[in-house]
Amino acid sequence: MLTGLVCIACGRSYPPGDHQTCRVCGLDGILDARYDYDAARVSLTADSLAGRPPDMWRYGELLPVPAGIQRPDLQVGWTTVREVPRLAAAVGVRRLFLKDEGRNPTGSFKDRASAVGVAKALEFGYQAAACASTGNAASSLAGMAASVGLPAFIFVPERAPEPKVAQLLMFGATVFRVRGTYEQAFELCRAACERFRWYNRNSGTNPFLVEGKKTAGLEIAEQFALGAMLDGALPDWVAVSVGDGCTIGGVTKGLHEFKRLGLARVMPRMLGVQAEGASPIVRAFASKSDLVPSGADTVADSIAVGTPRNWRRALAWVRASRGAMVAVPDEAILEAMRQAARLGAVFAEPAGAAAVAGLRAAVASGVVPADATVLAVITGNGLKDIRAAMSAAGAPHDVRPDLTAVADIVER
């Protein structure tokens, strides 16, 4: 039920098709997918959802993949939501829930986008797909492409963590480790896609990838509005880490669409969280001005983006929700990794834990009230970045093979 694409910079409309950005605005002209919501309201109902498979494709009326197009057959989406009262107390809110996106096939939220991207590549007749990524988007593309036999070409910056690079190689992707920044890897990937006619999966410019990401917002809305966790109410706030801007834009769009169909009553407010070392969108939000590119120096590699492409979408949706944005230091992110694991039993990579760190900062500053109910999206599994995890967790105790050494440590 895709009806067309609209440039979020100038408002020009395009018919459904193989478009990346606005022909007039260029890379600044990010396109947004639009649907026939009247038709979707007829078939996408609470009763119909009850009988659908528990994955992201249950929202087919609001996805840009036509019926009959091959798509990855991996279990993507419908990830768990758990209430974590001990973590809520530590953060300072009345109730806190975690949505663990690390349970997706390649261990991150990005599987939602890549599943749509691979399906669109097949729909448009491409023989290969490519992306630039600090890790998770690349891993997810490699995995989804492998599931349908589509070659994948991946461009990663030098700082990409080894576990993520290992995933890429194991899935059979051709990996280019670019001696430079993420932005340089992005531009090299874009040029390669044009030269070799590979499908460009980069969610910063591809309008269809955000549609996969929005399924997390649709799920959150369904899991709460049609579930028993809050007696049919949605959380007051939803916290999401922000890199390029398309993740929070997608999640918020999904929440909005669920409400637009009459399946939820009230929209949550959005809390966007960036690392202090890569926070150009937070600064643009605070100054109410256009984005100024910045450096990207943070332990949270998945959100280490100094020149985000989707900043307009992120700002528009956060403002539409009456939300807020905060930046947190790496030390707070590492502490949130420990707390999420020890008080919430979720092993989060730094970018995923950033949502928890940002929530704690927002509560401390009075942005989020202490009596709020909040959901934090944990965007990736901690095994994605073992170096950061070990930095957060600390070292094991080395002991001699006798009980006395163990007893000494226990007593201390």
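Everything discussed here concerns the structure shown above.
Keep in mind that this is a model prediction, so the values were computed, not measured.

K.L.:
Which parts of the structure should I look at to understand the overall build of the chain?
P.N.:
Within the chain, the regular secondary structure consists of 15 helices and 13 strands. The globule rule puts the C-alpha radius of gyration for 412 residues at 22 Å, and the 21 Å found for the chain is close to it. Buried positions account for 58% of the 412 residues belonging to the chain. Sequence separation of 24 or more characterises 70% of the internal contacts of the chain that already satisfy a separation of 6 or more. Roughly 16,100 Å² of accessible area belongs to the chain as shown, and the carbon and sulfur atoms make up 53% of that amount. Averaging the positions of the 45 positive and the 40 negative side-chain charges in the chain gives two centres separated by 4 Å.

K.L.:
Would you take a moment to explain the sheet that holds strand 6 (residues 129–132) for this structure?
P.N.:
In any sheet, the strands associate via hydrogen bonds between backbone groups, in a parallel or an antiparallel arrangement. Overall, parallel pairing links the four strands, which are arranged 8-7-6-9 in an open sheet. The open sheet has two edge strands with one neighbour each: strand 8 (174–178) and strand 9 (199–200). Bridge analysis of strand 6 against strand 7 (residues 152–157) gives four bridges, and the strand direction is parallel. Bridge assignment links Cys131 to a residue of strand 7, and that residue is Ile154. Across the face of the sheet, helix 6 (residues 162–170) comes into contact with strand 7 and strand 8 while running at roughly 150° to strand 8.

K.L.:
What is the right way to read the pairing of strand 5 (residues 95–100) from this model?
P.N.:
Regular strands have side chains that alternate between both faces of the sheet. A large share of strand 5 lies buried, amounting to five of its six residues. The pairing of strand 4 (residues 81–83) with strand 5 spans three bridges and is antiparallel. The residue bridging Arg82 from the neighbouring strand is Leu98, located in strand 5. With six bridges connecting them, strand 5 and strand 13 (residues 373–378) associate as parallel partners. Residue Lys99 lies in a different strand from strand 13, and its bridge partner there is Val377.

K.L.:
Just to check I follow, could you spell out the environment of Phe347 for this structure?
P.N.:
Its place among the elements puts Phe347 in the loop between helix 12 (330–344) and helix 13 (350–364). Separated by 42 residues in sequence, Phe347 and Ala389 have C-alpha atoms that sit 8.9 Å apart. Aside from chain neighbours lying at most four places away, what touches Phe347 is Gly380, Asn381, Gly382, Leu383 and Ala389.

K.L.:
Where do I start with helix 4 (residues 111–123) in this structure?
P.N.:
For an α-helix, the turn length of 3.6 residues means that residues three or four places apart are oriented alike. Its 13 residues give helix 4 an end-to-end C-alpha distance of 18 Å, which sits within 8% of 18 Å, the value for a rise of 1.5 Å per residue. The buried count for helix 4 comes to eleven of 13 residues, which makes it a mostly enclosed element. Inspection of helix 4 places Asp111, Arg112, Ala113, Ser114, Ala115, Val116, Gly117, Val118, Ala119, Lys120 and Ala121 among the buried residues, and these make up the whole buried set. Against strand 5, helix 5 (136–148), strand 9 and helix 8 (209–225) lie the buried residues of helix 4. At the C-terminal side of helix 4, Gly125 shows a positive phi close to 85°.

K.L.:
Explain the pattern of salt bridges here, please?
P.N.:
Where charged atoms of side chains with opposite charge meet at close range, the side chains can pair. For the coordinates displayed, the defined rule picks out 23 salt bridges. Where Glu61 meets Arg52, a salt bridge forms, and the shortest distance between an N and an O atom there is 2.8 Å. Overall, Glu61 belongs to the buried group, its relative accessible area being 11%. Across the pair Arg177 and Glu162 runs a salt bridge whose closest N-O atoms are separated by 3.4 Å. In this pair, Arg177 is assigned in strand 8 and Glu162 in helix 6, connecting sequence segments 15 residues apart. Relative accessible area serves as the criterion here: at 48%, Glu162 is assigned to the partly exposed category.

K.L.:
Just checking my understanding: could you explain the pairing of strand 6 for this structure?
P.N.:
Burial along strand 6 is two-sided: the residues Ala129 and Cys131 and Ala130 and Ala132 are all buried. Once you follow strand 6 into helix 5 and on to strand 7, the crossover reads as right-handed. Note that strand 6 and strand 9 share two bridges and pair parallel. Across the sheet, Ala130 pairs through a bridge with Asn200, a residue of strand 9.

K.L.:
I would appreciate a short explanation of the packing of aromatic side chains in the present structure.
P.N.:
The geometry of an aromatic ring pair comes down to the distance between the two centres and the angle between the two planes. If you walk through the whole model with that rule in mind, you get eight aromatic pairs. A cation over a ring is seen here: Arg197 above Tyr126, with NZ or CZ 4.3 Å from the ring centre.

K.L.:
Teacher, can you tell me more about empty space enclosed by the protein here?
P.N.:
Under the criterion given, the structure shown has one cavity of 30 Å³ or more. Its volume calculated, the largest cavity comes out at about 320 Å³. Around the largest cavity, the lining is made up of 27 residues, and of these Lys110, Lys213, Asp244, Thr247 and Ser302 lie nearest the centre. Elements that contribute at least two residues to the lining of the largest cavity include exactly helix 5, helix 7 (182–196) and helix 9 (246–260). Looking at the lining of the largest cavity residue by residue, the class counts come to ten nonpolar, twelve polar and five charged.

K.L.:
Any chance you could explain the packing of helix 10 (residues 280–287) against helix 11 (residues 311–320) here in plain terms?
P.N.:
The angle between the axes and the distance between the axes are what describe a pair of packed helices. At a minimum axis separation of 10 Å, helix 10 and helix 11 run at an interaxial angle of 50°. For the element pair helix 10 / helix 11, the angle class is oblique. Helix 11 is crossed by helix 10, and the crossing has right-handed handedness. Taken together, the residues of helix 11 that come into contact with helix 10 (itself represented by Ile281, Ala284 and Phe285) are Trp311, Ala314, Leu315, Val318 and Arg319. By residue class, the composition of the contact of helix 10 with helix 11 is seven nonpolar, no polar and one charged.

The rules behind these values
Residues numbered from 1 in each chain as written. Predicted model: local features only at pLDDT ≥ 70, side-chain atom pairs only at ≥ 80, totals over all residues. Heavy atoms only, no water. Helix = DSSP H or I, 4+ residues; strand = E, 2+ residues; numbered from the N terminus. Rg over C-alpha atoms; globule rule 2.2 N^0.38 Å. Buried < 20%, exposed > 50% of the residue type's maximum accessible area, 1.4 Å probe, protein only. Contact = heavy atoms within 4.5 Å. Areas by Shrake-Rupley, 256 points an atom, 1.4 Å probe, with all protein chains shown as cover. Lys, Arg positive; Asp, Glu negative; His and termini not counted. Charge placed at Lys NZ, Arg CZ, Asp CG, Glu CD. Pairing = 2+ DSSP bridges. Axes fitted to C-alpha atoms, helices over the stretch in contact; angles between N-to-C directions. Expected span 1.5 Å × (residues − 1). Salt bridge = Lys/Arg side-chain N within 4 Å of Asp/Glu carboxyl O. Right-handed = clockwise from strand over helix to strand, strands pointing away. Phe/Tyr/Trp six-rings, centres within 6.5 Å; stacked < 30°, edge-to-face > 60°. Lys NZ or Arg CZ within 6 Å of the ring centre and 35° of its normal. 1 Å grid on protein atoms, 1.4 Å probe; cavity = no way out; pocket = protein on both sides within 12 Å on 5 of 7 lines; lining within 4 Å. Points joined across faces, edges and corners; volume = space filled by probe spheres on them. Nonpolar A, V, L, I, M, F, W, Y, C, P; charged D, E, K, R; others polar. Parallel < 35°, antiparallel > 145°, perpendicular 65-115°, else oblique. Left-handed = near helix turned anticlockwise from the far one by under 90°.

None of the figures reported here should be taken as evidence of function without further support.
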